[in-house]
Amino acid sequence: QVQLVESGGGLVQAGGSLRLSCTASGRFFSSVAMGWFRQAPGKEREFVAAISGWTGGSTYYADSVKGRFTISRDNAKNTVYLQMNSLKPEDTAVYYCTQAVTPNVVTTVTHFRSWGQGTQVTVSS
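Because the structure is predicted, anything quoted here is derived from the model rather than measured.

Novice: An account of the sheet that holds strand S3 (residues 18-24) is requested, with residue identities and associated values reported.
Specialist: A sheet is described by the order of its strands in space; here 4 strands give the open sequence S1-S3-S8-S7, paired in antiparallel fashion. Two strands in the sheet have a free side with no partner beyond their single neighbour: strand S1 (4-7) and strand S7 (69-74). Looking at each pair of strands side by side, their axes are set apart by 15° on average, direction ignored. Pairing between S7 and strand S8 (residues 79-84): 6 bridges, direction antiparallel. Paired with Phe69 across the two strands is Met84, which belongs to S8.

The structure is reproduced here in structure tokens:
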């Protein structure tokens, strides 16, 4: 069973930045895509960003974060990152790291098999 541990959340003012990290256990980290989702109170979990397996040459972002967030991976450290810039109050949510069942970039929950416990991001106005 893969374990994913997120870190880096916190409280930040609007316009600020945070970098989330997610470290995975297991031997197959490099061969599968990784993603970030978020869930705000009273809302459904939504896709944020994903990065392909192996070299991470393909990425995909939700329209709401495109141009502000960057996903990256370091296979040597079994870690995926989410750099969040120009944060807005509407980015406030619990952010979840997740591991896909394929090396290809995917965006739907059904394509992801393992989830972290989540890290809270709060953006004040």
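Novice: I'd love a proper account of the environment of Ile71, names of residues and values included.
Specialist: Positionally, Ile71 belongs in strand S7. Classification of Ile71 by relative accessible area gives buried; the value is 4%. For the pair Ile71 and Val48, spaced 23 residues apart in sequence, the C-alpha to C-alpha distance is 9.5 Å. In this view, Ile71 contacts Met34, Gly35, Trp36, Ala49, Ala50, Ile51, Thr59, Tyr61, Val80, Tyr81 and Leu82; residues no more than four positions away in its chain are not counted.

Novice: Go over the side chain of Gln99, please, and point to the residues and values.
Specialist: Topologically, Gln99 is positioned in strand S9 (residues 93-100). Once you skip the residues sitting within four places of it in the chain, Gln99 turns out to touch Val2, Leu4, Phe29, Val32, Ala33, Met34, Phe112, Arg113 and Ser114.

Novice: Tell me about the pattern of salt bridges, and name the residues and values.
Specialist: Any two side chains of opposite charge can pair, on the condition that their charged atoms come close. For the structure shown, the criterion picks out 4 salt bridges. For the salt bridge of Glu46 with Arg38, the shortest nitrogen-to-oxygen distance reads 2.6 Å. For Glu46, a relative accessible area of 37% puts it in the partly exposed group. Among the residues examined, Arg38 registers a relative accessible area of 5% and is labelled buried. Note that Asp91 is salt-bridged to Arg38, the shortest N-O span being 2.9 Å. Of this pair, Asp91 sits in the loop between S8 and S9 while Arg38 sits in strand S4 (residues 34-39), and the two are 53 residues apart along the sequence. The exposure classification of Asp91 matches that of Arg38, with both residues buried. It is possible to trace a salt-bridge network through shared partners that takes in Arg38, Glu46, Arg68 and Asp91.

Novice: So, the state of the cysteines: which residues are in play, and what are the values?
Specialist: Per the stated rule, a full pass over the model turns up 1 disulfide. Across the disulfide from Cys22 sits Cys97; the S-S distance is 2.1 Å. The sign of the S-S torsion, about -75°, decides the handedness of the disulfide formed by Cys22 and Cys97: left-handed. Of this pair, Cys22 sits in strand S3 while Cys97 sits in strand S9, and the two are 75 residues apart along the sequence. Accessibility assignment for this pair places Cys22 and Cys97 in one class, buried.

Parameters at a glance
- Residues numbered from 1 in each chain as written.
- Predicted model: local features only at pLDDT ≥ 70, side-chain atom pairs only at ≥ 80, totals over all residues.
- Heavy atoms only, no water.
- Pairing = 2+ DSSP bridges.
- Helix = DSSP H or I, 4+ residues; strand = E, 2+ residues; numbered from the N terminus.
- Axes fitted to C-alpha atoms, helices over the stretch in contact; angles between N-to-C directions.
- Buried < 20%, exposed > 50% of the residue type's maximum accessible area, 1.4 Å probe, protein only.
- Contact = heavy atoms within 4.5 Å.
- Salt bridge = Lys/Arg side-chain N within 4 Å of Asp/Glu carboxyl O.
- Disulfide = S-S within 2.5 Å.

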